[in-house]
Amino acid sequence: MSERKKILILGNGFDLAHFLPTKYEHFITAMCAVERAPLSEPLSFDNIFHEFLVDGDSFLSKTKEMYKTEEVKIIVEDLKILKEKISSNGWFQYFKDYLDSGIDTWIDFENEIKIVLDIVCSVLEKNSDKNEIIDVKNYEG
């Protein structure tokens, strides 16, 4: 008689099933909170996700129920480093305005990156001999 072995495959959704705030909107919201945060005190979980929590977001309420979110803090030294990094991060600067524009998932985010990179490649091919600055958000090729 052959022995049957079982394997468990953990895939997309495992993190969300455990109420971990790993959605695209959580990430962008967190980075926007870092960008806005004063450098006078640590940034807490409640400060990062304040807008969701005030609106009664059940997902993040469950996160708070299940985990010690009161211990989640970005200390001032790390906050300063993060603020510097995101201020010069072109992708973050591009995407922070897209919270309410149909980019809801990481796949949407990846598809938008592909669109932007296609535009950049097209512009570079068309303008390889010119030194022009192109507004990618409003580019109509």
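Please refer to the structure placed before this passage.
Bear in mind the structure is a predicted one, so any value in this text is a computation, not a measurement.

Asks: For this particular structure, what's the right way to read the side chain of His 26?
Replies: Along the chain, His 26 falls in helix α2 (residues 24-36). Separated by 3.4 Å, the side chain of His 26 and the backbone nitrogen of Thr 22 make a polar contact.

Asks: Which parts of the structure should I look at to understand the pattern of salt bridges?
Replies: Side chains that differ in sign of charge can pair as their charged atoms come close. Overall, the coordinates contain 5 salt bridges when judged by the stated rule. The shortest N-O distance in the salt bridge between Lys 62 and Glu 65 comes to 3.6 Å. Of this pair, Lys 62 and Glu 65 both sit in helix α5 (residues 58-66), 3 residues apart, roughly one helical turn. Residue Glu 65 is classed as exposed on the basis of its relative accessible area of 63%.

Asks: Help me understand the packing of aromatic side chains in this model?
Replies: Any pair of aromatic rings gets described here by the distance separating the centres and the angle formed by the planes. The full count for this structure, using the stated rule, is 7 aromatic pairs. Centre to centre, the rings of Phe 19 and Phe 59 are 5.3 Å apart; their planes meet at 45°, and the pair counts as tilted. With Phe 19 in the loop between α1 (14-17) and α2 and Phe 59 in helix α5, this residue pair connects regions lying 40 residues apart in the sequence. Arranged with centres 4.6 Å apart and planes meeting at 55°, the rings of Phe 95 and Phe 109 form a pair that is tilted. Here Phe 109 lies in helix α8 (residues 106-126) and Phe 95 lies in helix α7 (residues 90-95), a separation of 14 residues in the sequence. The two residues Phe 95 and Phe 109 agree in class, both being buried. Residue placement shows Lys 23 over the ring face of Phe 59; its charged tip is 5.3 Å from the ring centre. In this arrangement the basic side chain of Lys 62 is found over the ring face of Phe 19, its NZ or CZ atom lying 6.0 Å from the centre.

Asks: Help me understand the nonpolar core, please; the structure alone is not making it clear to me.
Replies: In terms of nonpolar packing, the biggest core is built from 26 residues, with Tyr 24, Val 34, Leu 43, Ile 48, Phe 49 and Phe 95 touching the most fellow members. Broken down by secondary-structure element, the contributors of at least two residues to this core are α2, α3 (45-48), α5, α6 (76-87), α7 and α8. Counting residues per element, this core draws most heavily on α2, at 7 residues. With residues near it in sequence (within four places) discarded, Ile 48 still touches Thr 29, Ala 30, Ala 33, Leu 43 and Ile 74.

Asks: What am I meant to see in α6 here?
Replies: Along an α-helix, residues three or four positions apart point the same way, because every turn accommodates 3.6 residues. Helix length check: α6, at 12 residues, gives a terminal C-alpha distance of 16 Å against a target of 16 Å (1.5 Å per residue), a fit within 8%. Among the residues of α6, Leu 79, Lys 83 and Ile 86 are the ones counted as buried. Angular distribution of buried residues about the axis of α6 spans 75°; they occupy a single face of the element. Of the exposed residues in α6, those oriented more than 90 degrees away from the buried face are Glu 77 and Lys 85. Buried residues in α6 make contact with α2, β1 (43-44), β2 (73-74) and α7.

About the thresholds
- Residues numbered from 1 in each chain as written.
- Predicted model: local features only at pLDDT ≥ 70, side-chain atom pairs only at ≥ 80, totals over all residues.
- Heavy atoms only, no water.
- Helix = DSSP H or I, 4+ residues; strand = E, 2+ residues; numbered from the N terminus.
- Polar contact = N/O pair within 3.5 Å; in protein donor to acceptor, adjacent residues only side chain to side chain.
- Salt bridge = Lys/Arg side-chain N within 4 Å of Asp/Glu carboxyl O.
- Buried < 20%, exposed > 50% of the residue type's maximum accessible area, 1.4 Å probe, protein only.
- Phe/Tyr/Trp six-rings, centres within 6.5 Å; stacked < 30°, edge-to-face > 60°.
- Lys NZ or Arg CZ within 6 Å of the ring centre and 35° of its normal.
- Core = buried A, V, L, I, M, F, W, Y, C linked by side-chain atoms within 4.5 Å.
- Contact = heavy atoms within 4.5 Å.
- Expected span 1.5 Å × (residues − 1).
- Arc of directions from axis to C-beta.

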